[in-house]
There are 2 protein chains.
Amino acid sequence: MIVLGSTGSIGVNTLNIARKFKLNVEVLVAGTNIELLNKQIEEFKPKKVVISRKEDIHKVNHTNVSFGEDAILKAIEESEAKTVVNALVGFLGLRPTLKAIECKKKIALANKESLVVAGKFIDQTKLSPIDSEHFALWYLLQDKKISSMTITASGGSFRDYPLEKLKDVSIKEALNHPNWSMGNKITIDSATMTNKMFELMEAAWLFDTRKLDAIIETKSLIHGLVNFEDGSSTAHIANASMQLPIAYAILGKCDEQVLQPVDLLKVGSLEFREIDKQRYPIWEVKDTILGNLDLGVVLNAANEVAVSRFLNSEISFLDVSKMSLDALERFSSVKPNSIDDIFEIDKEVRSYYDS
Amino acid sequence: MIVLGSTGSIGVNTLNIARKFKLNVEVLVAGTNIELLNKQIEEFKPKKVVISRKEDIHKVNHTNVSFGEDAILKAIEESEAKTVVNALVGFLGLRPTLKAIECKKKIALANKESLVVAGKFIDQTKLSPIDSEHFALWYLLQDKKISSMTITASGGSFRDYPLEKLKDVSIKEALNHPNWSMGNKITIDSATMTNKMFELMEAAWLFDTRKLDAIIETKSLIHGLVNFEDGSSTAHIANASMQLPIAYAILGKCDEQVLQPVDLLKVGSLEFREIDKQRYPIWEVKDTILGNLDLGVVLNAANEVAVSRFLNSEISFLDVSKMSLDALERFSSVKPNSIDDIFEIDKEVRSYYDS
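First, a word on what this report is: a plain description of the structure on this page. Since we're looking at a predicted model, the values are computed, not measured. (Residues numbered from 1 in each chain as written. Chains lettered and ligands numbered in written order. Predicted model: local features only at pLDDT ≥ 70, side-chain atom pairs only at ≥ 80, totals over all residues. Heavy atoms only, no water.)

## Describing the overall build of chain A
Reasoning step 1: Scanning chain A from N- to C-terminus turns up 15 helices and 12 strands.
Reasoning step 2: For 355 residues, the compact-globule formula gives about 20 Å, and the C-alpha radius of gyration of chain A, at 20 Å, lands near that figure.
Reasoning step 3: Dimensions of chain A, computed from C-alpha atoms along their principal axes, come out at roughly 55 × 50 × 40 Å.
Reasoning step 4: Relative to its 355 residues, chain A shows a buried fraction of 59%.
Reasoning step 5: A fraction of 63% describes how many contacts in chain A between residues 6 or more apart in sequence connect residues 24 or more apart.
Reasoning step 6: Summed over its atoms, the accessible surface of chain A is roughly 14600 Å², and 48% of this surface lies on carbon and sulfur atoms.
Reasoning step 7: Distance from the positive charge centre (43 side chains) to the negative charge centre (49 side chains) of chain A: 4 Å. (Helix = DSSP H or I, 4+ residues; strand = E, 2+ residues; numbered from the N terminus. Rg over C-alpha atoms; globule rule 2.2 N^0.38 Å. Buried < 20%, exposed > 50% of the residue type's maximum accessible area, 1.4 Å probe, protein only. Contact = heavy atoms within 4.5 Å. Areas by Shrake-Rupley, 256 points an atom, 1.4 Å probe, with all protein chains shown as cover. Lys, Arg positive; Asp, Glu negative; His and termini not counted. Charge placed at Lys NZ, Arg CZ, Asp CG, Glu CD.)

Printed below as a string of structure tokens:
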């Protein structure tokens, strides 16, 4: 397989699965963590490596190293691997997803932005989502009439933080997620609840329904629930580790132990809370967004700019959601009719906020 | 269909389902609650009615009324209905189950004693269990490799009662179940945890596994969990009402609303606890019993005698479990080789304690 984003947390977990199930890794694509990449090269012996920056090439212990977005697309095109694990972060992951579809490869998709911004134009026939929530929903699907689906949120870094102090939180505090160890971007998206909004949009594309909602389950042990017409719900319970969704996305089926089972007696209790619009202002527009998935590219572009500004100490934490809400209002009438329009709208939103 | 035990809580729920789905009720079998039976007769217009006692016949508003166990068996034999709902309580339910199998009818089985005492001799091909726990397990079964199964218990009437006062509890207190409204026998069995032991034995017969356990979930909203080899668990969540298991047991499939869905935000939290052997002494022999299901007939007979004595104020609450444990030791070497042996052992155990 090809692993895009091998040194991030999804990438590392993907390689854990590759080790466990002795899967061949043909291409590794990574950013700037060359030290970890070199360890991965030593263990998995890929044929080809792609990194972000030209100036890092000499540090990579491999004879076939290239850099940049075009090199990623070329690597996908030229590879013999049947599976692409796309764990790139942000809009940047869209072109590789499109390329992998074009090359008829199976895609294990952790890049949620691909669906958020361009779900309309993405052929899902060979796509498996790597996201504990969507994995949970998929896992629960049976031949019964479904009424709605619920995914869970941890509530992120500021779930229990005093509301009035949210405007002054530090970057370090924002990156301190209670349940999941993840990359910076998604940890911030989790603190603003934008990540959960993305997941609802993903679920809308994946399961072809708008009857979707999210609630907070504070321990991140229940990941999704399917609510059936008969009044029953079923829940998927697993420890908070991406290895299980990854194993299923790559292997299709998995009858070996991947995670330690959850011991409910040790867990003791589970707690459910509403997603509060005061704490998570983005939740105000949940219905608007589920009613108009075209807004995905707008929300994503504004949010990517905003998160990067917050991480550069240019704006405050609360400004992140404010920028997203502002963009959704300003660009409320977008109507992408092709994948080219998606790239166009993305550029337009970014340049508005970058100026 | 034929409803055995129509005036008990399962019977009433069964008739709710019959009303909702416009099902034909051919025979009603009831005990001594003639007032309710007459209302049921008026609404469902059965062809035939069977009651417990000869002296009540004149009170029943129907032209075709008989009484006693043989009349039940005859009614099953002569009926055209394809489905028998067996909601009789105790060992008394076994012969009707056997008769319904003999007559090749579909059996919706709420009489758990049929499997507990004689699972070995019961052909399950046309049997659907009416029990929220087994329904939950069945509902969750998918084509994945199962590691084990867990059912839940409410903990019964004395879950939170001071341990040292258990010996002095009144009958009224014992009948006050926190989550379920059920008949007297099963409410006592729930307080002693004997009911959960019965359900584990049933599950062993139904799902052909011994990797079974039970835990307390205090709100009775999660009824069963299936634990898979991969480390995931799935849970069935529904409000505490038997109407859903009944609907599935009778209809096979159900895509209409039967229950109000559980609102986890209103629920707020779920709590899990171990089944404590001090509070529930019967739990001491869980492994012994799961290792030797032949003991079901012994446990059931001793427990039926004990519960009836407790309800007659002849013994204390703690004596109920003591009698069961005593019987399991005294009759530990039973080896029933036929259904006749089951009736023989049942008689032997009862006569030992009745003397």
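Still more ground to cover, so stick around.
## Focus on unusual backbone geometry
Reasoning step 1: Even without being a glycine, lysine 45 of chain A presents a positive backbone phi close to 45°.
Reasoning step 2: Looking at where lysine 45 of chain A falls in the secondary structure, it is placed in the loop between α2 (34-44) and β3 (48-51).
Reasoning step 3: A positive phi is found at serine 220 of chain B, a non-glycine position, where the angle reads about 50°.
Reasoning step 4: If you trace the backbone, serine 220 of chain B turns up in the loop between β9 (212-217) and β10 (222-228).

## Thoughts on helix α4 (residues 94-102) of chain B
Residue and element names in this part refer to chain B.
Reasoning step 1: When α4 is considered as a whole, its buried residues turn out to be Leu94, Pro96, Thr97, Lys99, Ala100 and Ile101.
Reasoning step 2: Those residues of α4 that are buried are in contact with β1 (2-4), α3 (69-78), β5 (83-86), β6 (106-109), α5 (113-118) and α15 (339-354).
Reasoning step 3: A positive phi of about 55° marks lysine 104, the residue just after α4.

## Let's talk about the interface of chain A and chain B
Reasoning step 1: Of the residues lining the interface, 42 residues belong to chain A; the matching set on chain B comes to 42 residues.
Reasoning step 2: Contact between chain A and chain B buries roughly 3300 Å² in total, counting both sides, with carbon and sulfur atoms accounting for 56%.
Reasoning step 3: On the surface where chain A and chain B come into contact, there are 0 salt bridges.
Reasoning step 4: For the side of chain A that touches chain B, the elements supplying multiple residues, two or more each, are α6 (132-140), β10 (222-228), β11 (233-237), α10 (243-251), α11 (264-267) and β12 (269-273) of chain A.
Reasoning step 5: Of the residues assigned to the side of chain A that touches chain B, the class counts are 21 nonpolar, 10 polar and 11 charged.
Reasoning step 6: Bridging between β11 of chain A and strand β11 (residues 233-237) of chain B involves 5 bridges; their strand directions are antiparallel. Bridging from a neighbouring strand, serine 233 of chain A pairs with isoleucine 237 of chain B of β11 of chain B. (Buried area = accessible area lost by both parts, 1.4 Å probe. Salt bridge = Lys/Arg side-chain N within 4 Å of Asp/Glu carboxyl O. Nonpolar A, V, L, I, M, F, W, Y, C, P; charged D, E, K, R; others polar. Pairing = 2+ DSSP bridges.)

## Focus on the side chain of glutamate 304 of chain A
Residue and element names in this part refer to chain A.
Reasoning step 1: Tracing the backbone shows glutamate 304 in helix α13 (residues 296-311).
Reasoning step 2: Residue glutamate 304 is classed as buried on the basis of its relative accessible area, which comes to 15%.
Reasoning step 3: Not counting residues within four places of it along the chain, the set of residues in contact with glutamate 304 comprises Gly90, Phe91, Glu113, Lys185 and Arg350.

## Details of the packing of helix α4 (residues 94-102) of chain A against helix α15 (residues 339-354) of chain A
Residues and elements named next belong to chain A.
Reasoning step 1: Viewed as axis vectors pointing N to C, α4 and α15 meet at an angle of 170°, and their least axial separation amounts to 12 Å. By the angle between their axes, α4 is roughly antiparallel relative to α15. Every residue of α15 that contacts α4 at Leu94, Arg95 and Leu98 is listed here: Ile339, Ile342 and Phe343.
Reasoning step 2: For the contact of α4 with α15, a count of residues per class yields 5 nonpolar, no polar and 1 charged. (Axes fitted to C-alpha atoms, helices over the stretch in contact; angles between N-to-C directions. Parallel < 35°, antiparallel > 145°, perpendicular 65-115°, else oblique.)

## A short note on the relation of the copies chain A and chain B
Reasoning step 1: The transform that puts chain A on chain B rotates by 180° and translates by 0.0 Å along the axis, for an RMSD of 0.1 Å. Accordingly, the operation relating the two chain copies is best matched by a two-fold axis.
Reasoning step 2: The overlap is high: 100% of the interface residues of chain A also sit at the interface in chain B, so the same surface is used on both sides. (Least-squares fit on C-alpha atoms with pLDDT ≥ 70 in both.)

## Describing the pattern of salt bridges
Reasoning step 1: The final tally for this structure, using the stated rule, is 52 salt bridges over all chains.
Reasoning step 2: A salt bridge links aspartate 346 of chain A to arginine 350 of chain A; the shortest N-O distance between them is 3.0 Å. Here arginine 350 of chain A and aspartate 346 of chain A lie together in helix α15, a separation of 4 residues that amounts to about one turn.
Reasoning step 3: For aspartate 346 of chain A, a relative accessible area of 6% corresponds to the buried category.
Reasoning step 4: One salt bridge in this structure joins lysine 196 of chain B and glutamate 199 of chain B, with 2.7 Å as the shortest N-O distance. Taken together, the positions of lysine 196 of chain B and glutamate 199 of chain B, both in helix α9 (residues 194-207) and 3 residues apart, correspond to about one turn of that helix.

## A look at the pairing of β5 of chain B
Residues and elements named next belong to chain B.
Reasoning step 1: The alternating pattern of β5 places Thr83 and Val85 on one face and Val84 and Asn86 on the opposite face, and all of these are buried.
Reasoning step 2: Relative to β5, β1 runs parallel, the two sharing 3 bridges. Bridge pairing links isoleucine 2 to valine 84 in β5.
Reasoning step 3: Here β5 runs beside β6; their pairing, made up of 4 bridges, is parallel. Looking across to β6, one finds that threonine 83 is bridged to lysine 106.
Reasoning step 4: With respect to chirality, the unit in which β5 leads through α4 into the neighbouring parallel β6 is right-handed. (Right-handed = clockwise from strand over helix to strand, strands pointing away.)

## Some details on the sheet that holds β6 of chain B
By definition, the strands of a sheet pair up through backbone hydrogen bonds, in either a parallel or an antiparallel sense.
Residue and element names in this part refer to chain B.
Reasoning step 1: Overall, parallel pairing links the 7 strands, which are arranged β4-β3-β2-β1-β5-β6-β7 in an open sheet. At either end of the open sheet lies a strand with only one pairing partner, and these are β4 (65-67) and β7 (127-129). Geometrically, the sheet is characterised by an average inter-axis angle of 15° between neighbouring strands, direction not taken into account.
Reasoning step 2: Contacting β1, β5 and β6, α4 runs over the sheet at an angle of about 155° to β6.
Reasoning step 3: Here helix α10 (residues 243-251) sits on the sheet in contact with β5, β6 and β7, set at roughly 170° to β6.

## What to know about the sheet that holds strand β6 (residues 106-109) of chain A
Residue and element names in this part refer to chain A.
Reasoning step 1: What the 7 strands build is an open sheet, ordered β4-β3-β2-β1-β5-β6-β7; its pairing is parallel. Only two strands of the sheet have a single neighbouring strand rather than two, namely β4 (65-67) and β7 (127-129). Across this sheet, the average inter-strand angle for adjacent strands is 15°, counted without regard to direction.
Reasoning step 2: Across the sheet, α2 lies against β2 (27-29) and β3, angled at about 170° from β3, the strand it touches most.
Reasoning step 3: Across the sheet, α10 is in contact with β5 (83-86), β6 and β7; its angle to β6 comes to roughly 170°.

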